[in-house]
Amino acid sequence: MPRPRCTRRIISEIRACSIVPFMDDDKLARELFAGADLVVLESDEAEALRLADLENLYQEKAAQLMGISRQTFGRILDRAHRKVADALLNGKALKIEQARAPCLERPPFNEKFKSGGQTPFLNLEEITMKIAFVSDDGTTISQHFGRAAYYVVLTIENGKVIQKEKRSKLGHTQFSGQHEEHHEHGTAGAGHGFEPGAMERHASMAQAILDCEALIVGGMGAGAYQGIKQAGIEPIVTEMRSIDEAAAAYIAGTLKNHIEYLH
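What you are looking at is a predicted structure, and each value in this text was computed from that prediction instead of being measured.

Calculation rules
Residues numbered from 1 in each chain as written. Predicted model: local features only at pLDDT ≥ 70, side-chain atom pairs only at ≥ 80, totals over all residues. Heavy atoms only, no water. Helix = DSSP H or I, 4+ residues; strand = E, 2+ residues; numbered from the N terminus. Buried < 20%, exposed > 50% of the residue type's maximum accessible area, 1.4 Å probe, protein only. Contact = heavy atoms within 4.5 Å. Areas by Shrake-Rupley, 256 points an atom, 1.4 Å probe, with all protein chains shown as cover. Polar contact = N/O pair within 3.5 Å; in protein donor to acceptor, adjacent residues only side chain to side chain. Salt bridge = Lys/Arg side-chain N within 4 Å of Asp/Glu carboxyl O. Phe/Tyr/Trp six-rings, centres within 6.5 Å; stacked < 30°, edge-to-face > 60°. Lys NZ or Arg CZ within 6 Å of the ring centre and 35° of its normal. Core = buried A, V, L, I, M, F, W, Y, C linked by side-chain atoms within 4.5 Å. Pairing = 2+ DSSP bridges. Axes fitted to C-alpha atoms, helices over the stretch in contact; angles between N-to-C directions.

K.L.:
Summarise the overall build of the protein; cite the residues concerned and give the values.
P.N.:
When helices and strands are tallied, the protein shows eight helices and seven strands. When burial is assessed residue by residue, the protein has 40% of its 263 residues classed as buried. For the protein, the share of sequence-separated contacts (at least 6 apart) that also reach a separation of at least 24 residues comes to 60%. Only carbon and sulfur atoms are counted for the fraction: they give 52% of the accessible area of the protein, which is about 14,900 Å².

Structure, rendered in structure tokens:
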């Protein structure tokens, strides 16, 4: 015999009793919803919901179909879940933002970077994105990720840089007393940055740029490279020294990723 169904404890106060189709006119929609707060579900968030929850795909496969990393897909899906839960449980109106046409299509970053090829072509006419650089002076790319003073973050819109900002960056000096990636290699032949605690340090360094698509450096250890990738950010090792010139090459899709320079 089947086990008897246990009593479920439910403490949520459900404020919505129905879901109706939305319309493009925000003002009319608000009137119909009696002034309810509006939650906007972005087009990429809706797509993530479709792939993960409706199509029941694994995140790795869904991320490939969207042309993004699995970590980025996970963050998008998490935002979508929170927004839908907020709308359903708090009685808010839910609007799904329509994607701009044509939709952005690009191959997954990792397939290019595994072979050390050029950065994949990005149709930056259709998106707004941020990319980060490590720097010591604000104009040139630092050749050592761990020792760099700060990040320079560029916001790109319509294929042009519209904003540049400096952000604080954790480095070796903040982790004094711990094993540093340039002192120990961890596993023999694995490269710098695989010793105990290294991944946690790299994750801490990446916290300031989690909203960025890529991190461009002049040099870094193999452990740091993997740590940045695990944070959902694509690391690119370049020979170029000028931030402005490297940014222009990235936008044009001609910035080569020299993973052979990892140490």
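From this point on, the discussion continues.
K.L.:
Can you lay out the side chain of serine 142 for me, pointing to particular residues and giving the numbers?
P.N.:
Examined against the element boundaries, serine 142 turns out to sit in the loop between strand E3 (128–135) and strand E4 (150–157). Of the residues examined, serine 142 reaches a relative accessible area of 7% and is grouped as buried. Looking at serine 142, its side chain comes within polar contact range of the side chain of aspartate 136, at 3.5 Å. Residues within four places of serine 142 in sequence aside, it is in contact with Val134, Ser135, Asp136, Ala148, Val217, Gly218 and Gly219.

K.L.:
I'd love a proper account of the pattern of salt bridges, names of residues and values included.
P.N.:
Taken as a whole and assessed by the stated rule, the structure comprises ten salt bridges. Between glutamate 45 and arginine 79 there is a salt bridge whose closest N-O contact spans 3.1 Å. Of this pair, glutamate 45 sits in helix H2 (residues 43–54) while arginine 79 sits in helix H4 (residues 70–90), and the two are 34 residues apart along the sequence. For glutamate 45, a relative accessible area of 2% puts it in the buried group. Measuring nitrogen to oxygen at the nearest pair gives 3.4 Å for the salt bridge that ties lysine 164 to aspartate 244.

K.L.:
For the environment of leucine 255, give the residues involved together with the corresponding values.
P.N.:
With respect to the helices and strands, leucine 255 occurs in the segment after helix H8 (243–252). Here the alpha-carbon distance between leucine 255 and methionine 240, two residues 15 residues apart in the chain, equals 8.9 Å.

K.L.:
Break down the packing of aromatic side chains for me, citing the residues and quoting the values.
P.N.:
Following the criterion strictly, the structure yields zero aromatic pairs and no others. One cation-aromatic arrangement involves lysine 166 over tyrosine 150; the distance from NZ or CZ to the ring centre is 4.3 Å. Here the basic side chain of lysine 169 rests over the ring of phenylalanine 145, its NZ or CZ set 4.8 Å away from the ring centre.

K.L.:
Please set out the environment of arginine 70 residue by residue, giving values where relevant.
P.N.:
In this fold, arginine 70 is placed in helix H4. Residues arginine 70 and alanine 231, 161 residues apart in the sequence, show an inter-C-alpha distance of 9.7 Å. Excluding residues that lie within four positions of it along the chain, arginine 70 makes contacts with Gln59, Glu60 and Ala63.

K.L.:
Give a detailed account of the nonpolar core, specifying residues and quantitative values.
P.N.:
Side chains of nonpolar character tend, in soluble globular proteins, to be buried together. In terms of nonpolar packing, the biggest core is built from 19 residues, with Phe145, Tyr151, Ile209, Leu215 and Met220 touching the most fellow members. Among the secondary structure elements, those contributing two or more residues to this core are E3, E4, helix H6 (198–206), strand E6 (214–217) and helix H7 (222–230). At three residues, the largest contribution of residues to this core is made by H7.

K.L.:
Pulling in residues and values, what's your account of the pairing of strand E1 (residues 38–41)?
P.N.:
Every second residue of E1 is oriented toward a common face, the buried set being Val39 and Leu41 and the non-buried set Leu38 and Val40. Relative to strand E2 (residues 93–96), E1 runs parallel, the two being bridged by four bridges. Pairing of valine 39 across the sheet is with leucine 94, part of E2.

K.L.:
Describe the sheet that holds E3, with residues and values.
P.N.:
As summarised here, the arrangement of the five strands in space is E5-E4-E3-E6-E7, forming an open sheet in which the pairing is mixed. Of all strands in the sheet, those bounded by a partner on one side alone are strand E5 (160–168) and strand E7 (234–237). Strand-to-strand twist of the sheet, defined as the mean angle between neighbouring strand axes without regard to direction, takes the value 25°. Pairing of E4 with E5, which is carried by eight bridges, proceeds in the antiparallel orientation. From the neighbouring strand, isoleucine 156 faces E5, where its bridge partner is valine 161. Relative to the sheet, H8 contacts E3, E4, E5, E6 and E7, its axis offset from that of E3 by approximately 145°.

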